[in-house]
Amino acid sequence: MKNVSDFNTSVIRALGILGAFCLCLLAFSGIFSGFSVCGYANAEETEASRLIFVCEGRKFVFEPDYSGLSEEEKSARRIYDEKGRTELIDEILTLIPDSAAALEYVFCGLGNFLDKLDSRFSENPVNAFLAFGFRGDKAEARLVGGKNGRKIDRQELYKRLIMKLKSEVYSVKVPFKTLYPTENDESVLRESFVRGEFSTYCNTANENRTHNIRLALSALDGIKLAPGEIFSFNGIVGERCERRGYRVSKVINNGEYAEGVGGGVCQVSTTLYNAALVAGLEITERHRHTLRSGYVEAGFDAMVNYGGADLRIKNSTGGNVYILTDMNSDGRIRAVFFGMKNPCVITRESVLIADYGKGSVRTDSYLVYTENGKVVKRVKIHGDYYYPNPSLAD
């Protein structure tokens, strides 16, 4: 049986076995400088320590950096003795079963070298995702497939390297392990259904109002809502002011029409609100206008005012929800919610309770849920009153 002290007397005497391993662990953490790209003065040292890693048919030479070690430390690590060095690795592994630490102790800078090799050849996985758009009149989701990634399999590499060293072979092929996307095609496709959509129409001859509508729509397009997330119209669209590109157009203010920056944005919030209703989403905040709007039935408008009235929608579907918006050249404004398949067909119903003249009405608003062609429930969501419009004749 070999006497271990014959190999490691200087290390045991100076630091002890545990002290030597402290150096090992520090080296593995990056205390030592990594690998050298130039030759050493001592050719014997270079040849005895050089390792070759083969990656995709290319060879990468690793030369340990022993420049910070004393001759005593070099001797303790057996850098001039291939056979003794392999035995030292085995001795270390009997004390601490850590291949990375054992190899780093003997081959200073190996961890840094492999980090650089890994960064060069590793590839992150790419999740599949959905791209949304309109094909003619139809809103659709298109799957963009994901891609597997990879990284160096360190544990397998260390295992192979130790086996090679025992056979006095100093070249090893680098193994990789596959990294899989967290979202595969199947999981993404389950959220590709149109849950609900709604359209309103505007007069594109009013350039300022049309500009404001397009600006607000662009802020909403492509928004993703995670399960349980609450959407804020004001939070997403932001302040409607000239500094942010909004123009002056007609707005409703205290029961009257007036000129104001951002006129037309409420038609966007209204369109989105109705799309959310038929998509089966939860409305946590909605406000009516004081006057009836001409672009939607009474009881189904959604007034917003930055810093005040907001439209807030909660994604209560259990999956992700995506918003698609658009306005075509004919003035059709569309809002679409994509997500998991809606189990019901949801329609809206506005019921006139009283008509007071000049556009002043009281209404109740309902949602009707249909499954397999059969109405399963009818739910009142609110009642609204609208003031008389002074611009209308008796």
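Because the structure is predicted, anything quoted here is derived from the model rather than measured. (Residues numbered from 1 in each chain as written. Predicted model: local features only at pLDDT ≥ 70, side-chain atom pairs only at ≥ 80, totals over all residues. Heavy atoms only, no water.)

1. Thoughts on helix α10 (residues 207–220)
Step number 1: Compared with the 20 Å implied by 1.5 Å per residue over 14 residues, the 20 Å span of α10 between its first and last C-alpha is a close match.
Step number 2: Packing partners of the buried residues in α10 comprise β10 (230–232), α11 (233–237), β11 (248–253), α12 (265–278), β15 (321–327) and β16 (332–339). (Helix = DSSP H or I, 4+ residues; strand = E, 2+ residues; numbered from the N terminus. Expected span 1.5 Å × (residues − 1). Contact = heavy atoms within 4.5 Å.)

2. Looking at the side chain of Ser-365
Step number 1: Turning to its location among the elements, Ser-365 is positioned in strand β18 (residues 360–371).
Step number 2: Polar side-chain contacts of Ser-365 include one of 3.0 Å to the backbone oxygen of Gly-299.
Step number 3: If we skip the residues at most four places from it in the chain, Ser-365 touches Ala-298, Gly-299, Phe-300, Glu-349, Val-379, Lys-380, Ile-381, His-382 and Asp-384. (Polar contact = N/O pair within 3.5 Å; in protein donor to acceptor, adjacent residues only side chain to side chain.)

3. Considering the sheet that holds strand β17 (residues 345–357)
Strands pair in a sheet through their backbones, by hydrogen bonds, and they do so in one of two ways: parallel or antiparallel.
Step number 1: If you trace the three strands from one edge of the open sheet to the other, you get β17-β18-β19, paired in antiparallel fashion. The open sheet is flanked by β17 and β19 (374–385), the only strands paired with a single partner. Ignoring strand direction, the axes of neighbouring strands in this sheet form an average angle of 20°.
Step number 2: Bridge count between β18 and β19: 10 bridges; the pairing is antiparallel. Bridge pairing in β19 places Tyr-366 opposite Lys-380.
Step number 3: On the sheet, α12 packs against β17, β18 and β19 and is oriented at approximately 125° with respect to β17. (Pairing = 2+ DSSP bridges. Axes fitted to C-alpha atoms, helices over the stretch in contact; angles between N-to-C directions.)

4. Focus on the packing of helix α6 (residues 99–106) against helix α8 (residues 154–166)
Step number 1: Between α6 and α8, the least distance of the axes is 10 Å, while the angle of their chain directions is 50°. Put simply, α6 runs oblique to α8. Two packed elements cross with a definite hand, and for α6 against α8 that hand is left-handed. Of the residues in α8, those in contact with Ser-99, Ala-100 and Leu-103 of α6 are Tyr-158, Leu-161, Ile-162 and Leu-165.
Step number 2: By residue class, the composition of the contact of α6 with α8 is six nonpolar, one polar and no charged. (Parallel < 35°, antiparallel > 145°, perpendicular 65-115°, else oblique. Left-handed = near helix turned anticlockwise from the far one by under 90°. Nonpolar A, V, L, I, M, F, W, Y, C, P; charged D, E, K, R; others polar.)

5. Quick look at the confidence of the model for the chain
Step number 1: Scored by pLDDT, the chain has a mean of 85; 85% of the residues are at 70 or more.
Step number 2: The low-confidence segment residues 1–48, where pLDDT is below 50, has 73 contacts with residues more than four positions distant or belonging to other chains. (pLDDT = per-residue confidence, 0-100.)

6. Topic: the pairing of β18
Step number 1: With 10 of 12 residues buried, β18 lies mostly within the body of the structure.
Step number 2: Here β17 pairs with β18 via 11 bridges, running antiparallel. Counterpart to Leu-352 in the pairing with β18 is Thr-363.
Step number 3: Following β17, the chain reverses through two residues before pairing antiparallel with β18; Lys-358 in that reversal takes a positive phi of roughly 55°.
Step number 4: Connecting the antiparallel pair β18 and β19 is a turn made up of two residues, with Asn-372 showing a positive phi of about 50°. (Buried < 20%, exposed > 50% of the residue type's maximum accessible area, 1.4 Å probe, protein only.)

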